[in-house]
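Each chain is listed here by its residues.
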Amino acid sequence: MKKIYILVISFIISSLILSSQYTSLVKAEEVEGEFSLLTYNVAGLWDPVSQSNPAKNTILISPKLNNYDIVLAQEDFNYHSDLIEKADHPYLSSHSGIMGFGDGLNRLSNFPFTDFKRDDWNDCHGIFGDGSDCLTPKGFSFARHEVSDGVFVDIYNLHADAGGSQDDKNVRKKNFQQVLSKIDQWSIGNAVIVTGDFNSKYKAEGEVRQFADTGFSDAWADIENGGIIPGIGESGDRIDKILYRSGDLLQLSVSDYAVPNEDFLDSNGNQLSDHPPVSAIFQYHVSNIPLIGKFNTNKSIITTTNDLLDGQKVWKVETEGLEDYRQNINFKVNQNPINKAYTFSIWLKADDEHTVTLRLRNKEKTEGGQQSFTVTTDWKKYEITAPFELDSESLSLFMYPAGFDFGNQGYVYASGVELTENTQLLDSPNDFTKDYLSYWYKNTNVEKTSEPSPAGDNSTVNKITPINVNNSIYQHTEVDPSGKTYTFGIWLKADQPHNSTIKIQNANYSEAEAQSINVTTDWQYFEVTKDFKNQSDNVTVIIWPGEYNGTTDSVYAWGASLIEE
């Protein structure tokens, strides 16, 4: 699997928190990982009031929390010292007070967190009835958790108004509006998890549904309900919820969801609280480019949809309808791409099959690649790869939703964009005229042409013609491939369609992988991958323009790369 690294060492998203400036700084190199999270209403009311015997049960809950990286507790009032007594988490929130004085919201974490805040509800209902919510300052809390070096997730813990009267329902709507308003202020562009006791299900109109309406996913829905949020009047979900959304650079998804009630029982098999615990395992992935909604538009329109693909937002990207433009969306990465190979990938589907074009190139428009695809009505991952040899201030990504030709009209649905970086191991990836004293060995004719490269009109390519049948061009790279996987890729086209062969092998030819490819009159990117097991002095890549033992047909070549996966 390719490792994904952040190209921009530090990307700052600023947000205003209680009139003070805070930042979410993404700077990590290892950008994939996971963490577990538990939300649990521990019923820590004063024991004579509680129905769950917290004076006895809270100390039993404590060691069970160690199975989770982050724990968000509600109703942690009178027995807080028992709750943390046997917990090993190094980072704890301060206790806000006993019943009647505190909000009962506390957190335990294996990850450091900062900017911890509590916010009381602006509205409550019920003093000696309807949930008696006004007897203690319920509300929500916030903190920014650093789940990996320089990787931050904003986590909110809430306990909404209880009760089933119309006044309770109206107050809950306001509770959730208050949280969403603060998320808009405190977590601009950041990944967010909202969890706790919502006292609300999706069947109620206007309550917890507000989160789904603003782009939040539900861990339960993702794992247990096919990714579908129940409709108004439908049931199946719980009032204890784990909701989340991705950020501009940090994508979140859920790989597991559970209600581990059997792990939270006493010796007689009774529940330790009047609420079951709810848990999820989160996967995170930091990207070096933002979500599609943050791309620049050039005569195109980006519209968010209510759909999700593997927990990520889906966008509709369409042309503006202008006739004299190549309409696209694009994003510039302010990183020198020298001696690297990049893969720009994106998930696409369409309501009707049509052409979509992807492009990847440097600022000077002298290196990169461009390829068109037929996008179908099914989701599929499309990608374009190009190596870079020269200094440049940046590289840019382009997607043309209706193809590259002037005036094409149409739209496509898009999600899951990524940019993958690998070190380029080949020399002279675009100039094959350099001989074996420099880079390329060959018994072919290699000539410079006026044929534009896949990067565009600012660069031209070489034409490689065999002198005799079975002539080839190849390059050695002095690496020991044992126990590693390598991929050789190259852009090719021809004056007339024919078969060529590309191959990757070790020094003594004992391990090799060859692939016969059909080269057409359009630029295509071809690659061959090999898992090597044995020690060797080098890895060799080979191109037979007219296929192995084939013809003397020519190819135009561009962008050869060898990368370690």
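Only a predicted model underlies this, so the values are computations on that prediction, with no experimental measurement involved. (Residues numbered from 1 in each chain as written. Predicted model: local features only at pLDDT ≥ 70, side-chain atom pairs only at ≥ 80, totals over all residues. Heavy atoms only, no water.)

Caption draft 1: Seen up close, the environment of Y91. Residue position: Y91 is located in strand β5 (residues 91-92). In this structure the C-alpha to C-alpha distance between Y91 and F111, which are 20 residues apart in sequence, comes to 6.8 Å. Those residues in contact with Y91 that lie beyond four places of it in its chain are R107, L108, S109, N110, F111, P112 and F113. (Helix = DSSP H or I, 4+ residues; strand = E, 2+ residues; numbered from the N terminus. Contact = heavy atoms within 4.5 Å.)

Caption draft 2: Local environment of helix α1 (residues 54-61). Turning to α1, its buried residues number three or more, namely P54, N57, T58 and I61. An end-on view of α1 places all buried positions within 105° of arc, on one side of the element. Looking at the buried residues of α1, the elements they touch are β3 (32-41) and α2 (80-85). (Buried < 20%, exposed > 50% of the residue type's maximum accessible area, 1.4 Å probe, protein only. Arc of directions from axis to C-beta.)

Caption draft 3: Spatial organisation of the packing of aromatic side chains. Applying the stated criterion across every chain yields a total of 27 aromatic pairs. Each ring, one from Y156 and one from W186, has its centre 6.3 Å from the other, and the planes form 15°; the classification is stacked. Of the two residues, Y156 is situated in strand β9 (residues 151-159) and W186 in helix α3 (residues 166-186); the sequence distance between them amounts to 30 residues. Taken individually, Y156 and W186 each receive the classification buried, so the pair is uniform in this respect. Ring centres of F176 and F211 lie 5.6 Å apart, and the angle between their planes is 70°; on these two criteria the pair is classed as edge-to-face. Of this pair, F176 sits in helix α3 while F211 sits in helix α4 (residues 209-213), and the two are 35 residues apart along the sequence. With respect to burial, F176 and F211 carry one shared label: buried. Taken together, the ring pairs connect F35, F111, Y244, F282 and Y284 into an aromatic cluster. One Lys or Arg, K316, reaches over the ring of Y411 and ends 4.2 Å from the middle of that ring. (Phe/Tyr/Trp six-rings, centres within 6.5 Å; stacked < 30°, edge-to-face > 60°. Lys NZ or Arg CZ within 6 Å of the ring centre and 35° of its normal.)

Caption draft 4: Molecular detail of the sheet that holds strand β24 (residues 411-423). The strand order across the open sheet built from 5 strands is β16-β17-β24-β19-β22, with neighbouring strands paired in antiparallel fashion. With one partner strand each, in any of the chains shown, β16 (300-309) and β22 (380-388) form the two edges of the open sheet. Neighbour-to-neighbour, the strand axes of this sheet turn through a mean angle of 35°, independent of strand direction. The sheet contact formed by β16 and strand β17 (residues 312-319) spans 7 bridges and is antiparallel. Within the sheet, the bridge partner assigned to I302 lies in β17 and is V317. (Pairing = 2+ DSSP bridges. Axes fitted to C-alpha atoms, helices over the stretch in contact; angles between N-to-C directions.)

Caption draft 5: How the structure looks around the sheet that holds strand β25 (residues 441-442). If you walk across this open sheet you meet the 5 strands as β25-β28-β33-β30-β31, and the pairing is antiparallel. At either margin of the open sheet sits one strand with a lone partner, and together these are β25 and β31 (512-519). As paired elements, strand β30 (residues 498-506) and β31 share 8 bridges and run antiparallel to each other. Directly across from S500, in β31, lies its bridge partner I517.

Caption draft 6: How the structure looks around the environment of E318. On the secondary structure map, E318 appears in strand β17. Judged by relative accessible area, E318 falls into the partly exposed class, the value being 21%. Sequence separation between E318 and I542 is 224 residues, and the spatial gap between their C-alpha atoms is 41 Å. Excluding residues within four positions of it along the chain, E318 makes contact with S300, I301, T303, P401, G410 and Y411.

Caption draft 7: How the structure looks around the pairing of strand β27 (residues 456-466). With 8 of 11 residues buried, β27 is to be regarded as a mostly interior element. Pairing analysis gives 7 bridges linking strand β26 (residues 444-453) to β27, with the strands arranged antiparallel. Along β27, the bridge assignment pairs N445 with T465. Relative to strand β34 (residues 555-564), β27 runs antiparallel, the two sharing 3 bridges. Bridge assignment links I464 to a residue of β34, and that residue is V555.

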